[in-house]
Each structure stands twice: as structure tokens, then as C-alpha cells.
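# Inside the fold
Residue strings, one per chain:
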Amino acid sequence: MGPVQLSPQFQPDGEESEKKAQEMIQITIDKGTNRFEWKHQRSDGEEFWAEIMLTRLTIGNSNMIYVTWKDIDDEKKNHLKLQESQDKLQQLNKTLEDRVKQRTSELEEISSNFEYLFNNTLEAVGLFRNNMCIDINEAGVKLFRFKTKEDALGLTNLDFIADGSIELVKSKLNQNHTKPYETNALKADGTIFPVLIKGYNSTMQNKLTRVVSVIDISELKAKELELKKLNDELTNLTNIDPLTGAHNRRYFYEISKQLIALAGRDKQPLSVAMIDIDDFKSVNDTYGHDVGDKVLKALVDVVYKNIRNSDVVIRFGGEEFILLFPNTDIEQANTIMSKIRQIIEQNDLVKDICFTISIGLSEYHHNEQNIDKAVKKAGDALYLAKNRGKNRIEIS
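Structure report, in brief.

This part covers empty space enclosed by the protein. Counted by the stated rule, this structure contains three cavities of 30 Å³ or more. Counted as a void, the largest cavity has a volume near 280 Å³. Forming the walls of the largest cavity are 23 residues, and the residues nearest its centre are Phe128, Asn157, Ile197, Val212 and Val214. If you list the elements that add at least two residues to the lining of the largest cavity, you get strand E4 (124-129), helix H5 (166-174), strand E6 (181-186), strand E7 (192-204) and strand E8 (207-216). Among the residues making up the lining of the largest cavity, the classes are represented as 15 nonpolar, five polar and three charged. Along the walls of the second largest cavity sit Met53, Thr55, Leu57, Tyr66, Thr68, Met274, Phe316, Val375, Lys376, Gly379 and Asp380, which together make up its complete lining. Breaking the lining of the second largest cavity down by element, the ones donating at least two residues are strand E2 (47-59), strand E3 (62-71) and helix H11 (372-387). The greatest single-element share of the lining of the second largest cavity, amounting to four residues, is contributed by H11. Considered class by class, the residues forming the lining of the second largest cavity number six nonpolar, three polar and two charged.

This brings us to the sheet that holds strand E9 (residues 270-277). Through backbone hydrogen bonds, the strands of a sheet pair up, either in parallel or in antiparallel fashion. Ordered by their spatial adjacency, five strands build an open sheet running E10-E11-E9-E12-E13, and the pairing between neighbours is mixed. Two strands close off the open sheet at either side, each with one partner strand: strand E10 (312-317) and strand E13 (393-395). Within the sheet, the average angular offset between the axes of one strand and its neighbour, ignoring direction, is 20°. Relative to strand E11 (residues 320-326), E9 is paired through seven bridges, and the arrangement is antiparallel. The residue bridging serine 271 from the neighbouring strand is phenylalanine 325, located in E11.

A few words now on the environment of arginine 129. Residue placement: arginine 129 occurs in strand E4. The class for arginine 129 is buried, based on a relative accessible area of 17%. Sequence-distant contacts of arginine 129, that is, excluding residues within four places in its chain, are made with Ile134, Met204, Gln205, Lys207, Leu208 and Thr209. Of note is the side chain of arginine 129, whose polar atom sits 3.0 Å from the side chain of threonine 209.

Once that is clear, we can look at the packing of helix H9 (residues 289-305) against helix H10 (residues 330-346). One can describe the packing of H9 onto H10 by two numbers: an axis separation of 10 Å at closest approach and a directional angle of 140°. In terms of orientation, H9 and H10 fall into the oblique class. With respect to the hand of their crossing, H9 and H10 are arranged in right-handed fashion. Of the residues in H10, those in contact with Leu299, Val302 and Val303 of H9 are Ile340, Ile343 and Ile344.

Glancing now at H5. Buried within H5 are the following residues: Ile166, Val169 and Lys172. Projected down its long axis, H5 shows its buried positions confined to an angular sector of 125°, all on one face. Those residues of H5 that are exposed and aimed more than 90 degrees away from the buried face are Glu167 and Asn174. Packing partners of the buried residues in H5 comprise E6. Following H5 by one or two positions, asparagine 176 adopts a phi angle in the positive range, close to 50°.

This part is about the nonpolar core. Counting residues in hydrophobic clusters, the biggest one holds 31 residues, and the most contacted among them are Ile275, Leu299, Leu323 and Met337. Per element, the largest residue contribution to this core is eight residues, and it comes from H9. Setting aside anything within four residues of it in sequence, one finds isoleucine 275 in contact with Leu299, Val303, Glu319, Glu320, Phe321, Leu323, Met337, Ile357, Ser358, Ile359 and Leu382. Counting 22 residues, the second largest nonpolar core, distinct from the first, contains Tyr253, Ala263, Val312 and Leu324.

Definitions and cut-offs
Residues numbered from 1 in each chain as written. Predicted model: local features only at pLDDT ≥ 70, side-chain atom pairs only at ≥ 80, totals over all residues. Heavy atoms only, no water. 1 Å grid on protein atoms, 1.4 Å probe; cavity = no way out; pocket = protein on both sides within 12 Å on 5 of 7 lines; lining within 4 Å. Points joined across faces, edges and corners; volume = space filled by probe spheres on them. Helix = DSSP H or I, 4+ residues; strand = E, 2+ residues; numbered from the N terminus. Nonpolar A, V, L, I, M, F, W, Y, C, P; charged D, E, K, R; others polar. Pairing = 2+ DSSP bridges. Axes fitted to C-alpha atoms, helices over the stretch in contact; angles between N-to-C directions. Buried < 20%, exposed > 50% of the residue type's maximum accessible area, 1.4 Å probe, protein only. Contact = heavy atoms within 4.5 Å. Polar contact = N/O pair within 3.5 Å; in protein donor to acceptor, adjacent residues only side chain to side chain. Parallel < 35°, antiparallel > 145°, perpendicular 65-115°, else oblique. Left-handed = near helix turned anticlockwise from the far one by under 90°. Arc of directions from axis to C-beta. Core = buried A, V, L, I, M, F, W, Y, C linked by side-chain atoms within 4.5 Å.

Here it is, written out as C-alpha cells:
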């Protein structure tokens, strides 16, 4: 059954699936590899997205196309959640910016009815002369937890600021800074909390007076942290394979660009290993997918225990994995992978199940624009390892 029989009549861009499939195959024939997203259709009619990687292989005098496929419906949903989280964060930042603009506008109009606003505004407002507090409104008394207004009078402007933020506030005062800025304030009981401060100089009773408004942004900061945590979690979901804990294909294309850039800048080698579990379909068919999942996880556990933190493990599709070894030439990579292959061969990693792996190795060359050629060479070497009896390493 070909791609057309497993696809809706038309792809989302409006092109017929049959015509587009031929175009994708021709691109693969011309370029050697072709990676793209494709809308598939299940037997019950449900449509879903898949990520396809086509690789042209030449075996003897025969040409064939090696296909890897991955269901990315869940990744797209996670990406949507991530986008929603980012939108919420942007909206929160916009809300804060709008609030600052609103408060700034209110303060600019304070000269016409200052006394009324001073006594009735919900913001904390203080008046300072020669850096000493000469007045504070009721909102300020409550915000800073003074028992009475008199407790605040006579304090310096820096007495309201947490120790770690004093130098920042000093510099703002020295510059007669008028734009709002964030810092940490200090309540009378010693509590430190985040605030947004805006101050400006005014003449009152023919004397230079600093008018300062303070907004408690503790709640907004808490929401920012909550959204950042959610954003980090969603980012992790889009980059990690939930079954094995290895990184997924999406992360592969992101990290490979970074590693290529570093390898080119530092003139250091970058090796690629492609791993495939031998006869994995037989394991699933004989023992069930639950056992197959245990085999996948056992393989990844062994790999992580025998590589460096700087090395990258990718679940590339099904039982196929890719390892990226920065600052590692192909001989060093061969030593590492030989050890991993022997551990898997010689140990009963899953109860009553013995399995082996085949490995293809290649090395990225600095004149190549991306990782695709090195991946293809590793795939060719893996194919050769399979044909030569499996449970072995071949180097391209």
C-alpha cells in the first residue's frame, strides 16, 4: 500500500496527494534526502500529521528509498499549548505595560488636583524633600505596613528599599530618573517584595520635592513565574520522547544546527551514530508492545550511562536512534559505540529478553551546510551492518 492509499485526496495546501507524493519522491531521487510533513489518513478515516524522512539508498545496481515515519499529532498539540502559553505571557506583559502607562498618565495630571489624588489614590505615594520622607498617603502606610503615618516620616528614601536594590535606586535618584522601573522594596516588618516605582521632581511650597509612586507587583511576578514554569514544561514536552527520555526528532534539527556551528567555529570533529535494534518487530510480535517499550527504554538507559553530558541522544523513529558526538572523531565514536554494543549483547537488560543492536557511523565535514549528509552516510552504514549479519558496527 503506497502513500496515496494512506492519505486524503488532497493535502492541506490544496495539492492532490498523488501528485505531491510523486514530487516528494523525485526530490529525494535528485537530492538524496527529503524531510517534510504529510497529512495521512487512518483506516477509520481520521486524518493526522506525520513527519516523513526519505533517503535515497543505492545497493549494488539497485536504487531504493528508505522511509522513516513519525506521528507528530501530539507534538503539534504541544506546540499549540506552548504558543498559547507564550501568548498568555505576552498578554501579561502587555497588561503590565498598559498599567504602567495608565499610572504614568495619572501622575502627569497630578499637579491640577494633587491633594485629592494624594489622599485618595489606591497607589502608595510618598513625598521626599532632601531625601527625607515628609508625607505618605494611606495606601503607602498600608503597603509598607507602618502602624501610623508618623512612623514613615523622617525616613530616607533608601530606607524603603531592600539592601540588594539600593545601588540601583541610588543611580536612578542621581539621574533624576522619571521612567518607571522595577526594584525590590522593604516593608516595616522586614518583608522584601517587588515593586514598580515612578518618581519625578516637583516644586511644592517653593521647595524641590520628589514625588514617588509605588505599585506592588508581587502578584504579577508570581504569575510570570507560573507562566515561565508552564512554558518550560511545554518546551520540554515538545523536545523529549515521553517513552524513552531521549530527545525527539524536532530537537534533533534544532541542536544539530548549533553543534554544526560550534564544530565549524572551533574546527572540531562531530560524529554521528545511527542505532537500530535488531529484529525489533519480532520482539513486539512475540512478547507484545509493553515488552518492546521496555527494550527501547533499556537501550536508552545503557546509552546515557556510557556517554558524556555533551553528547545528544535522539529517538529518530520507532526503534531507530541517532547519537551526536561533538568534539569526537569517528574512531573515538567507534570506541564508545563498541562498548555500548557489547554491554547490550552480553547483558540480560530486560528479563528473559536478549537483544542486539546494529550501528552505522559517520562524521560531519565542515564544508557541509547541514547534518543531512552525515545522517545519510550513517544510515547507509547501518543498512550495511544489517546486511552483514547485524549486531555489528559499520563505518561510512
